[in-house]
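Coordinate inspection notes
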Amino acid sequence: MSLNIYGEILNSRLLIGSALYPSPEIMKQAVLASGSQVVTLSLKRQQPEQGSGQKIWQYIQDIMSKTQGFVLPNTAGCKTANEAYTLSQMSREIFNTNWIKLEVIGDDYNLQPDPIELLKATNMLIKDGFKVLPYCTDDLVICQNLYDLGCEVIMPWASPIGTGKGLINPYNLETIRHRLPNTTLILDAGIGKPSDACIAMEMGFDGILLNSAVALADDPVGMAKAFCYALNAGELGFRAGLMQQQQTAHASTPTLDTPFWHQNTKISDNE
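Keep in mind it's a predicted model, so treat the numbers as computed, not measured.

Among the nonpolar cores identified, the biggest contains 69 residues, and Ile5, Ile60, Leu187 and Ile208 are the most heavily contacted of them. Considering each element in turn, this core owes the most residues, 5 residues, to helix 2 (residues 51-67). Beyond its immediate stretch of four places on either side in the chain, Ile5 contacts Leu10, Leu15, Trp99, Leu133, Val153 and Ile186.

On to the pattern of salt bridges. Per the counting criterion, the structure on display carries 10 salt bridges. Ionic pairing is found between Asp128 and Arg92, a salt bridge with its closest N-O pair at 3.0 Å. Linking Asp128 in the loop between helix 4 (115-127) and strand 7 (131-136) with Arg92 in helix 3 (residues 81-95), this pair joins segments that are 36 residues apart in sequence. A residue is classified by how much of its surface remains accessible, and Asp128, at 26% relative accessible area, is partly exposed. Given the relative accessible area of 23%, Arg92 is considered partly exposed. Linking Lys193 and Asp196 is a salt bridge whose minimum nitrogen-to-oxygen distance equals 3.2 Å. One salt-bridge network, in which partners are shared between bridges, spans Arg13, Glu235 and Arg239.

Our next topic: the packing of helix 5 (residues 140-149) against helix 6 (residues 170-179). Their axes nearest at 10 Å, the elements helix 5 and helix 6 cross at an angle of 30 degrees. Considered as vectors, helix 5 and helix 6 are oriented roughly parallel to each other. Note that helix 5 runs across helix 6; the crossing there is right-handed. Taking contact as the criterion, the partners of Leu140, Cys143 and Gln144 in helix 5 are, on helix 6, Thr175, Ile176 and Arg179. In the contact of helix 5 with helix 6, the residues fall into 3 nonpolar, 2 polar and 1 charged.

Rules used throughout
- Residues numbered from 1 in each chain as written.
- Predicted model: local features only at pLDDT ≥ 70, side-chain atom pairs only at ≥ 80, totals over all residues.
- Heavy atoms only, no water.
- Core = buried A, V, L, I, M, F, W, Y, C linked by side-chain atoms within 4.5 Å.
- Buried < 20%, exposed > 50% of the residue type's maximum accessible area, 1.4 Å probe, protein only.
- Helix = DSSP H or I, 4+ residues; strand = E, 2+ residues; numbered from the N terminus.
- Contact = heavy atoms within 4.5 Å.
- Salt bridge = Lys/Arg side-chain N within 4 Å of Asp/Glu carboxyl O.
- Axes fitted to C-alpha atoms, helices over the stretch in contact; angles between N-to-C directions.
- Parallel < 35°, antiparallel > 145°, perpendicular 65-115°, else oblique.
- Left-handed = near helix turned anticlockwise from the far one by under 90°.
- Nonpolar A, V, L, I, M, F, W, Y, C, P; charged D, E, K, R; others polar.

What is shown is where atoms sit, not what they do.
Shown next, in the form of structure tokens:
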């Protein structure tokens, strides 16, 4: 099924990062194997015009030409709204896109977003015409405020970025999904394995953004394929309608009356 991000229809619900891979070539092959049409990159950590940043940018441009995809610049490393706003303006000029993955970090230990600076930066960027994809914690009130500011896409974390701990608070995530039914919700950060992504999609999330889980795998290309399948399975499961959990056991084969095959035998005997 397709994913709608600010009016752009994507064939894949997986968004993928471009950092931490063993080599640019492996990064390229993993992104292509994932089926993703959105690749994130940071201007602050990787200048496209210089050195290795230029090489990475060339690989990403090649990926975009093959997938008809989109670059999603992010403000990784920013700690204030003003810093994120300035970097977003630079990214728009260099990459020619109004999309921005907004990160405003408030704590260096767990890289938790600063909710106050995040809301401030979001307001500034939306007023300046940006299509903001904010990275936040699994806080319902923060997500509601981001929605009220005009964010059509919101990206709560599953767990702290880069930890691979998976969905540490499913209740919060389910509540956000329930309370913001008309918002595109993309789970961002903390995904460690394909089953994490599958569970999130079964909850009704619209997509997954990840990096480390693929880039740091023993076989990034193989792991990218695994995540592609996991997202598809989770989405199909959600759309099919998951059975309700029960407190008591219920036999799948009825014990009352006569089994259907025996009934058929009796009918044949009477005939």
